[in-house]
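Coordinates in review
One letter stands for each residue in the lines below.
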Amino acid sequence: MTAKPTSTAVRIPAALTVKELGDILNISAIEVIKRLMTNGVMANVNQTIDYDTAAIIAVELGLDPEEAVAEEPAVAALALEEEEIADDPASLKPRPPVVTILGHVDHGKTSLLDAIRKTKVAAGEAGGITQHIGAYQIERDGKLVTFIDTPGHAAFTAMRARGAQVTDIAILVVAANDGVMPQTIEAINHALAAEVPIIVAINKIDLPTANPDRVKQQLTEHNIVVEEYGGDVVAVPVSATTGEGLADLLEAINLVAEIGELKANPDRPASAVVVEAEMDAGRGPIATVLVQAGTLRQGDAVVAGETSGKIKAMFDDQGKRVREAGPATPVVIMGLEAVPEAGERIRAVADERLARTIVDERRRGREAAEQTDHAHVNLDTLFNEISAGKLKELIIILKADVRGSAEALKGALERLSNPEVKLKIIHSATGPVSDSDVMLAEASNGIIIAFNSRTDPSAKKRAEATGVEIRSYSIIYQVLEDVEKALTGMLEPKYEMVTDGHAEVRQVFKSSRLGQIAGCYVLDGTIKRGSPTRVLRNNEEIGKGRCEGLKRFQEDVREVQAGYECGVVLSGFDKYAEGDVIEFYHEARVN
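First things first, this report covers the structure right here in the doc. From a predicted model like this one, the values you see are computed outputs, not experimental measurements. (Residues numbered from 1 in each chain as written. Predicted model: local features only at pLDDT ≥ 70, side-chain atom pairs only at ≥ 80, totals over all residues. Heavy atoms only, no water.)

Our next topic: helix α1 (residues 18-25). Within the span of α1, buried status applies to V18, L21, G22 and L25. When α1 is viewed along its axis, its buried side chains cluster within an angular range of 100 degrees and face the same direction. Close packing links the buried residues of α1 with β1 (9-12), β2 (15-17), α2 (29-38), β3 (48-50) and α3 (51-60). Positive backbone phi, at 65 degrees, marks N26, one or two positions downstream of α1. (Buried < 20%, exposed > 50% of the residue type's maximum accessible area, 1.4 Å probe, protein only. Helix = DSSP H or I, 4+ residues; strand = E, 2+ residues; numbered from the N terminus. Arc of directions from axis to C-beta. Contact = heavy atoms within 4.5 Å.)

Here it is, written out as structure tokens:
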């Protein structure tokens, strides 16, 4: 018999492994696993469980569990993650602006950056697609400007979804010959959602078909009003090919940066963000990072998400080795134990031991959190969140089949705003719901409304993984009705019928006890006892019932799969005929 601890009080962390729980409770890990199994929890010796689950085992052993508060150094490390260090205003020094280039494919984003850098990056790219997310610095009139070149606004938003607000200025590149295109609109909405100043670069003005005035007019339809039209957005005509207007564009960047009074403290532990990362065959995990505050130095112990390491080497955007990097400086670093994800924050800490402690705490926290549902906003919980004062703004991404429907819905939804909560549609477009839409909803804690619009399979998978709600409708008033009910707490759950399988009646038997029994062959799916059913004759419904019994060779069974014969007894219907098809289904909640 296993000995129990002598004291009844036991302190258990918020998350711990099965083995660690056994050590705390002074019982074997095998005993813990057995007790977890009896409580319906399947876990192996190295799996992380949360405090509530661990407490059940402790109580069974006659102990008095108490959740332990994390001790130093972990608590200090996690506080460092959650809260930015408050800098003394006197310690702040001017830093370069960080500029992200966004726009429609083939409108010249990389060519423009290439022209600014006076190098031939774009010429080596296959099919005009940016193959490398990079961060580069240029110097003009003694002032540095950092550019982030991305293959699209998706990476820009992926960083923002992780809480990494890396950009000070967004340059929206629009081709003067093409004008505003679907990806341009998407880029505008992503930049507006990020609440960063926008500069419009009207590119390709050297082409005969260029029409910059048409571009400016089109932009006004999407909440971008240039200075010439009375707005506050700077629009600069440029040509990446001839170099025309580039000096004006850089001047505009410097002007917007001066207005923003961008400053950072270079004399504090470094904080950076991962722009991109990969596994290099020769050098191991490498990451391009942008320092946001402090100074990152070779030899620093660092933490990035759930990986840590010690910086062995750093390289600037020209590939030259450097020993340190200050705020708004991009560098490639070596020395991490694994490849971090884009958008992860990197922080310099006291030593490698502390770095590993932080990583361990983060991993435990994530594994414990994965046992609970995503706390993303949805219409079902909207009223409760409004009542609790948690929500003042409902963010909506709207996708529709045609532009007219999108505009009509947008106007009607915005009119539903009330003093408690404002409805804000940050992106409205035609076409299917895409990965980009889900990322935008994730970053802004919004919901997606699809009107007569399908959802891409990858977007649906991403939405399920991140807890983003996608609502599909085909009638406008139902959209408005649901949102209005959600705002007032009157939204009722909706269910849809999900077909489980079909069984064809091949023979009818009579039973003095059960009445008519249908001898069936299961055509597809899996039919289950207890399921609601529809009886179809010549594809028309002739009755409904519930499956009261399933038999295989005189034995009662719970379910029968396709390709097998069985006897079916329904409650509420027994007028079978050979050739009838019994459809088995269940109702699934869709909101």
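Think of it this way: side chains of opposite charge can pair up when their charged atoms draw near. The full count for this structure, using the stated rule, is 20 salt bridges. Its salt-bridge partner being R454, residue D456 comes within 3.0 Å of it at the nearest N-O pair. A relative accessible area of 55% places R454 in the exposed class. Between E541 and R534 there is a salt bridge, with the nearest N and O atoms lying 2.8 Å from each other. For E541, a relative accessible area of 40% puts it in the partly exposed group. Judged by relative accessible area, which is 19%, R534 ranks as buried. Linked through salt bridges whose partners overlap, the residues forming this network are E31, R35 and E60. (Salt bridge = Lys/Arg side-chain N within 4 Å of Asp/Glu carboxyl O.)

Read across the sheet, four strands follow the order β23-β22-β24-β25 without closing on themselves; strand pairing throughout is parallel. Every other strand in the sheet has two partners, leaving β23 (422-430) and β25 (470-473) as the edge strands with one partner each. Going across the sheet, the axis of each strand differs from the next one's by a mean of 25 degrees, ignoring polarity. With five bridges joining them, strand β22 (residues 393-400) and strand β24 (residues 447-451) adopt parallel strand pairing. (Pairing = 2+ DSSP bridges. Axes fitted to C-alpha atoms, helices over the stretch in contact; angles between N-to-C directions.)

A few words now on helix α5 (residues 109-117). Of all nine residues that make up α5, eight are buried, and the element is covered over most of its length. Along α5, the residues classified as buried are K109, T110, L112, L113, D114, A115, I116 and R117.

Let's shift gears to the pairing of β23. Two strands pair when backbone bridges link them, and β22 and β23 are joined in this way by eight bridges, in the parallel orientation. In the sheet register, I395 faces β23, and the bridge partner there is K424. Chirality of the crossover, the property in question, places the unit of β22, helix α12 (residues 403-414) and β23 among those that are right-handed. (Right-handed = clockwise from strand over helix to strand, strands pointing away.)

That's the geometry; what it means functionally is another story.
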